[in-house]
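Listed below, chain by chain, are the residues.
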Amino acid sequence: MADASTSTRCYWIRDQDGAEILIPMCWGAAIGGPAECTCNVPESRIETAERGRAEAERQVLRLMDERDRRLEEQAVTWRQGKRLRQKIEELETVLAGMAN
């Protein structure tokens, strides 16, 4: 880790509203964001919360996709069942006519 006098150091500052802001001075953070900081600066609570929110959002989207897929499968099954019931009724009608 570089000492504080070099330009490769990252700094956390807190603004008037209390938000923590990373001022990246190393290449990793400047290019890839705080997660890529090579200066061993700890992650802010804001970034931790944001990562958790993003992960929760991905999970919700994944679950919504799964729900949609299952609903479509259910609709297909119901349509097949409806067609089969109609076919059975037709065959029963034909058999009843043959019995007479």
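The model shown is predicted, which means the values in this text are computed figures rather than measured ones.

Asks: Could you give an account of the overall build of the protein chain, naming the residues involved and the relevant values?
Replies: In terms of helices and strands, the protein chain carries two helices and two strands. Counting from the amino terminus, helix and strand elements in the protein chain follow one another as β-β-α-α. Counting only residues that meet the buried cut, the protein chain has 13% of its 100 residues in that class. Put simply, of all contacts in the protein chain between residues at least 6 apart along the chain, 27% involve residues at least 24 apart. Surface exposure of the protein chain reaches about 8300 Å², of which carbon and sulfur atoms provide 59%.

Asks: So what's going on with the pattern of salt bridges? Residues and values would help.
Replies: Tallied over the entire structure, the rule returns eight salt bridges. Between E57 and R53 there is a salt bridge, with its nearest N and O atoms 2.6 Å apart. Residue E57 and its partner R53 are both found in helix α2 (residues 45–99); the two are separated by four residues, about one turn of the helix. Note that R69 is salt-bridged to E73, the shortest N-O span being 2.4 Å. Here the residue R69 and the residue E73 both occupy positions in helix α2, the gap between them amounting to four residues, near one helical turn.

Asks: Can you break down a nonpolar patch on the surface residue by residue, with the values?
Replies: Taken together, I13, I21 and I23 make up a surface patch of nonpolar side chains, about 210 Å² in accessible area. Tracing the backbone through its elements, the reader meets I13 in strand β1 (residues 11–14).

Asks: Help me get a handle on the confidence of the model for the protein chain, residues and values and all.
Replies: Low-confidence regions, as indicated by low pLDDT, have predicted coordinates that should not be scrutinised in detail. When pLDDT is averaged along the protein chain, the result is 80, and 73% of the positions lie at 70 or above. Every residue in residues 1–7 is under pLDDT 50, and counting partners more than four places away or in other chains gives eleven contacts.

Scoring rules and cut-offs
Residues numbered from 1 in each chain as written. Predicted model: local features only at pLDDT ≥ 70, side-chain atom pairs only at ≥ 80, totals over all residues. Heavy atoms only, no water. Helix = DSSP H or I, 4+ residues; strand = E, 2+ residues; numbered from the N terminus. Buried < 20%, exposed > 50% of the residue type's maximum accessible area, 1.4 Å probe, protein only. Contact = heavy atoms within 4.5 Å. Areas by Shrake-Rupley, 256 points an atom, 1.4 Å probe, with all protein chains shown as cover. Salt bridge = Lys/Arg side-chain N within 4 Å of Asp/Glu carboxyl O. Patch = residues over 30% accessible without salt bridge, like charges linked within 9 Å, V, L, I, M, F, W, Y side chains within 5 Å. pLDDT = per-residue confidence, 0-100.

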